[in-house]
Amino acid sequence: MLGAVFAGNGKVEVREFPDPDPKPGEALVRIAVSAICGSELHSYHSPDGSNGELLGHEMVGDVIAVNQTCHVKKGDRVALQIMTGCGHCYYCSRGDFEHCKDMDYLIGGHAELIAAPEMCCLPLPEDVNWERGVLLGGDTIGTTYRTLHRLGVNAFDTVAVLGCGPIGLGMLALLRFIGARAIAVDISPYRRKLAQKLGASRVIDPEAEDPVASISDLTDGAGADVALDCSPTQGTITAALNCVRKFGRVGFVGEKGEAVIHPSNQFIRKEIEAVGSWYYNPSDYFEIMQLYRRGLHVDDLITHRFPMTKADEAFATFASGESGKVLIVRGA
Ligand SMILES: [Zn+2]
Ligand SMILES: [Zn+2]
């Protein structure tokens, strides 16, 4: 089979790999769409690349063979959640496999085939096309839905979205569905434009105006009800804490190494509620499918599609910041 690997310093190579051999309890899935995630850029830009490993962790496809699975059958359409665990501990029994002490990832979506443990295979209904499936059943809507759900975001809220990469854009799609007022912040003109298309009532270029001051002005000096830090940059932690009102809520989903905060002024005396949110679990997926049935639109998050043979171009496009969600599509 063919698969794409990072060859180092922003180069992607499509190479021939042996077809995966599903172990007992696994399904062999022929990948239909694999989406590019912002978290892959670190490895993409690094000198060592992916060290010959296949990456890709947002994928959908159809099952072409099974090895001693219980409920997954040949011909099933599946969205793959990528967290696996022992299946029996406290966290696994809640479906929160990411917190199991035996947690592992299912990675390798940028390929033609993948062997997936049965616990990763979520049923994708016939009438949900592959492209929507990869967004609804991947980080883009999974992680964002879980965050908004945990924060109890609703139509009365004014929500600041700091960073409009795929996760920030996923937040906007959900905020549009809920009917909340969204204010979007991003340095990329392309992404600000896309944020507007996704229903942001105001977009802010943080290099041209101070987002905290502007959000204050837009809320009669009170601050946003909710701030969502969806950016990998350090400064957005501070901006998120500073732009919410007293008793505001903050969601942290933008992965980063280190940032400085002042707990007394930014947190304690504003009586802020904060959640860190990482991934989603299978029960979130079934809830998201209900939202899809009720009219959650995700199509306008997708801006580019490439075949596997053009994976290099796909990543270059995504890395430029001039894109929304970029998909590697079988038969494109
Ligand atoms: Zn991801
Ligand atoms: Zn477990």
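Note: the structure precedes this text.
Residues numbered from 1 in each chain as written. Chains lettered and ligands numbered in written order. Predicted model: local features only at pLDDT ≥ 70, side-chain atom pairs only at ≥ 80, totals over all residues.

**Student:** I'd like a rundown of the overall build of the protein chain, residues and numbers included.
**Tutor:** Per the secondary structure count, the protein chain includes 11 helices and 17 strands. Its C-alpha atoms give the protein chain a radius of gyration of 20 Å, within 12% of the compact-globule value 20 Å for 332 residues. For the protein chain, the residues scored as buried account for 48% of the 332 residues in total. Within the protein chain, contacts between residues separated by at least 24 positions form 66% of all contacts whose residues are at least 6 apart in sequence. (Helix = DSSP H or I, 4+ residues; strand = E, 2+ residues; numbered from the N terminus. Rg over C-alpha atoms; globule rule 2.2 N^0.38 Å. Buried ≥ 20, exposed ≤ 12 C-beta atoms within 10 Å, placed from the backbone. Contact = placed C-beta atoms within 7 Å.)

**Student:** Before we move on, can you summarise the packing of helix α7 (residues 211-218) against helix α8 (residues 235-243) with the specific residues and values?
**Tutor:** The N-to-C vectors of α7 and α8 enclose an angle of 20 degrees; their axes lie 9 Å apart at closest approach. By the angle between their directions, the pair α7 and α8 is classed as roughly parallel. Seen from above, α7 lies across α8 with right-handed handedness. Counted together, Pro211, Val212 and Ile215 of α7 and Ala239, Asn242 and Cys243 of α8 form the full contact between these two elements. Among the residues forming the contact of α7 with α8, the class breakdown is five nonpolar, one polar and no charged. (Axes fitted to C-alpha atoms, helices over the stretch in contact; angles between N-to-C directions. Parallel < 35°, antiparallel > 145°, perpendicular 65-115°, else oblique. Left-handed = near helix turned anticlockwise from the far one by under 90°. Nonpolar A, V, L, I, M, F, W, Y, C, P; charged D, E, K, R; others polar.)

**Student:** A description of the packing of helix α4 (residues 139-151) against helix α5 (residues 166-178) should follow, citing residues and the corresponding values.
**Tutor:** Interaxial distance between α4 and α5 falls to 8 Å at its minimum, and their mutual angle equals 60 degrees. Between α4 and α5, the crossing angle belongs to the class labelled oblique. Of the two elements, α4 crosses α5, and the hand of that crossing is right-handed. Touching Asp139, Thr140, Ile141, Thr143, Thr144, Tyr145 and Leu148 of α4 are Pro166, Ile167, Gly170, Met171 and Leu174, all from α5. Residue classes in the contact of α4 with α5 are distributed as seven nonpolar, four polar and one charged.

**Student:** Account for α4, with residues named and values stated.
**Tutor:** Look at α4: 17 Å from first C-alpha to last across 13 residues, which is about the 18 Å you get at 1.5 Å a residue. By the criterion of burial, α4 is predominantly enclosed, with 11 of the 13 residues buried. For α4, every residue scored as buried is listed here: Asp139, Thr140, Ile141, Gly142, Thr143, Thr144, Tyr145, Arg146, Thr147, Leu148 and Leu151. Just past α4, the residue Gly152 takes up positive phi, approximately 65 degrees. (Expected span 1.5 Å × (residues − 1).)

Read these as layout, nothing more, since geometry by itself doesn't imply function.
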